[in-house]
Amino acid sequence: MASSMKPSNLRALVAREAARLLYYRLATEYKFAKLRAARELGVTVLPSNREVADELDALANLLEGESRIARLIQMRREALSIMEALLEFNPKLIGSVWRGTVRIGSDIDIIVYSHSSSAVVEKLRCLGYNVINVEKKVKAGRDDEEKKVYVHIYVELPSGNRAEIVVRSPEDQNVKEVCDIYGDVIEGLTVEELRRVLSEDPARRFIPQR
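This one's a predicted model, so the numbers in the text were calculated from it and none came from an experiment.

Student: What's the story with a nonpolar patch on the surface in this structure? I'm lost.
Tutor: There is a patch of nonpolar side chains on the surface, built from Y24, L26, L62 and L63 and spanning about 430 Å² of accessible area. Counting through the fold element by element, L62 comes out in helix 3 (residues 49-64).

Printed below as a string of structure tokens:
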């Protein structure tokens, strides 16, 4: 029946199913969630990442209600504490806590800049943060030609939330990246900017207009 629908309706159907897979952690990446959803529905039409993100956002609102806003504000406050602790490494908040699209299971994503990942780990541990894992990951460029290795530091917070802190070279501080979900430049929030958001509009969203 799905194959007889209009392409626009098919895209919406696949986007909805891909969002469901992502929400329940049955898929971890948009690409594979879309491919799996299309395969299960027996179609070849694929939605954009933005279409899936919008469906995922709607699903999280439906299932989590007002608690989602409370979770966002709490995680932004926790992010600020971490960023203040790592101020010397010029931290920046990115990801769903920056965007305002957190859902159950979301992490706090922070970028820091240092030539020494061990210095960042040591700083966190000295301040009492529970560092549960440190690993290197390869990040490919948009053209898959440029690959960089970054150190990811995973921290478990007293609330049960987790933070993922990515250490990048100070030379990368002014590098602009385009978001593969929303298509805009990933600006993020500095410590001062996050303080201002929490003071003026703690649930503010940073999502580009369609």
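Student: Would you explain the side chain of R76 in this entry?
Tutor: By the secondary structure assignment, R76 is in helix 4 (residues 67-85). One buried charge, R76, has no salt-bridge partner; the nearest side chain with opposite charge is D201, at 6.6 Å. If near-sequence neighbours (up to four positions away) are discounted, R76 is found in contact with V97, W98, R99, G100, L194, V197, L198, D201, P202, A203, R204 and F206.

Student: Honestly, the nonpolar core in this entry has me stumped. Any pointers?
Tutor: The nonpolar side chains of a soluble globular protein tend to be buried with one another. I82, L93, I108, L124, I153, V155 and I165 are the most contacted members of the largest nonpolar core, which has 34 residues in total. At the level of elements, helix 4, helix 5 (95-99), strand 2 (108-113), helix 6 (117-126), strand 4 (147-156), strand 5 (162-168) and helix 7 (191-200) are the ones that each hand at least two residues to this core. The dominant element in this core, judged by the number of residues it contributes, is helix 4, at seven residues. Discounting chain neighbours no more than four positions away, the residues touching L124 are I82, L86, Y129, V131, I153, V155 and I165.

Student: Mind showing me how you'd approach the side chain of K34 here?
Tutor: Positionally, K34 belongs in helix 2 (residues 30-41). Buried charge without a salt bridge: K34, with E51 as the nearest opposite-charge side chain at an N-O distance of 7.4 Å. Within the local environment of K34, its side chain forms a polar contact with the backbone oxygen of P47, the two atoms lying 3.1 Å apart. Within the structure, the side chain of K34 is placed 2.9 Å from the side chain of N49, a separation counted as a polar contact. Discounting chain neighbours no more than four positions away, the residues touching K34 are V14, A18, L46, P47, S48, N49 and V52.

Student: What's the story with the pairing of strand 4 in this structure? I'm lost.
Tutor: Every regular strand shows the same layout, with side chains that alternate between the two sheet faces. Taken together, the six bridges between strand 4 and strand 5 define a ladder with antiparallel strand orientation. Across the sheet, Y154 pairs through a bridge with E164, a residue of strand 5. Once strand 4 ends, the chain turns through five residues before running back antiparallel as strand 5, passing G160 with a positive phi of about 100 degrees.

Student: Please clarify how the packing of helix 3 against helix 4 should be interpreted in this entry.
Tutor: Two quantities define a packed helix pair, namely the angle between the axes and the distance from one axis to the other. For the pair helix 3 and helix 4, interaxial distance at closest approach is 8 Å and the crossing angle is 110 degrees. It follows from the interaxial angle that helix 3 and helix 4 lie roughly perpendicular. Between helix 3 and helix 4, the residues in contact are D57, A60, N61 and E64 and S67, R68 and R71, respectively. Of the residues belonging to the contact of helix 3 with helix 4, the class tally is one nonpolar, two polar and four charged.

Student: Whenever I open this one, the packing of helix 4 against helix 7 confuses me. Can you help?
Tutor: The geometry of helix 4 relative to helix 7 is characterised by a closest axis approach of 10 Å and an angle of 150 degrees between their N-to-C directions. As summarised for this structure, helix 4 and helix 7 are arranged roughly antiparallel, according to the angle between their axes. Both helix 4 and helix 7 take part in a crossing whose hand is left-handed. In contact with I73, R76, R77, A79, L80, M83 and E84 of helix 4, helix 7 contributes V191, L194, R195, V197 and L198. Across the contact of helix 4 with helix 7, the residue classes tally to eight nonpolar, no polar and four charged.

The rules we used
Residues numbered from 1 in each chain as written. Predicted model: local features only at pLDDT ≥ 70, side-chain atom pairs only at ≥ 80, totals over all residues. Heavy atoms only, no water. Patch = residues over 30% accessible without salt bridge, like charges linked within 9 Å, V, L, I, M, F, W, Y side chains within 5 Å. Areas by Shrake-Rupley, 256 points an atom, 1.4 Å probe, with all protein chains shown as cover. Salt bridge = Lys/Arg side-chain N within 4 Å of Asp/Glu carboxyl O. Helix = DSSP H or I, 4+ residues; strand = E, 2+ residues; numbered from the N terminus. Buried < 20%, exposed > 50% of the residue type's maximum accessible area, 1.4 Å probe, protein only. Lys, Arg positive; Asp, Glu negative; His and termini not counted. Contact = heavy atoms within 4.5 Å. Core = buried A, V, L, I, M, F, W, Y, C linked by side-chain atoms within 4.5 Å. Polar contact = N/O pair within 3.5 Å; in protein donor to acceptor, adjacent residues only side chain to side chain. Pairing = 2+ DSSP bridges. Axes fitted to C-alpha atoms, helices over the stretch in contact; angles between N-to-C directions. Parallel < 35°, antiparallel > 145°, perpendicular 65-115°, else oblique. Nonpolar A, V, L, I, M, F, W, Y, C, P; charged D, E, K, R; others polar. Left-handed = near helix turned anticlockwise from the far one by under 90°.

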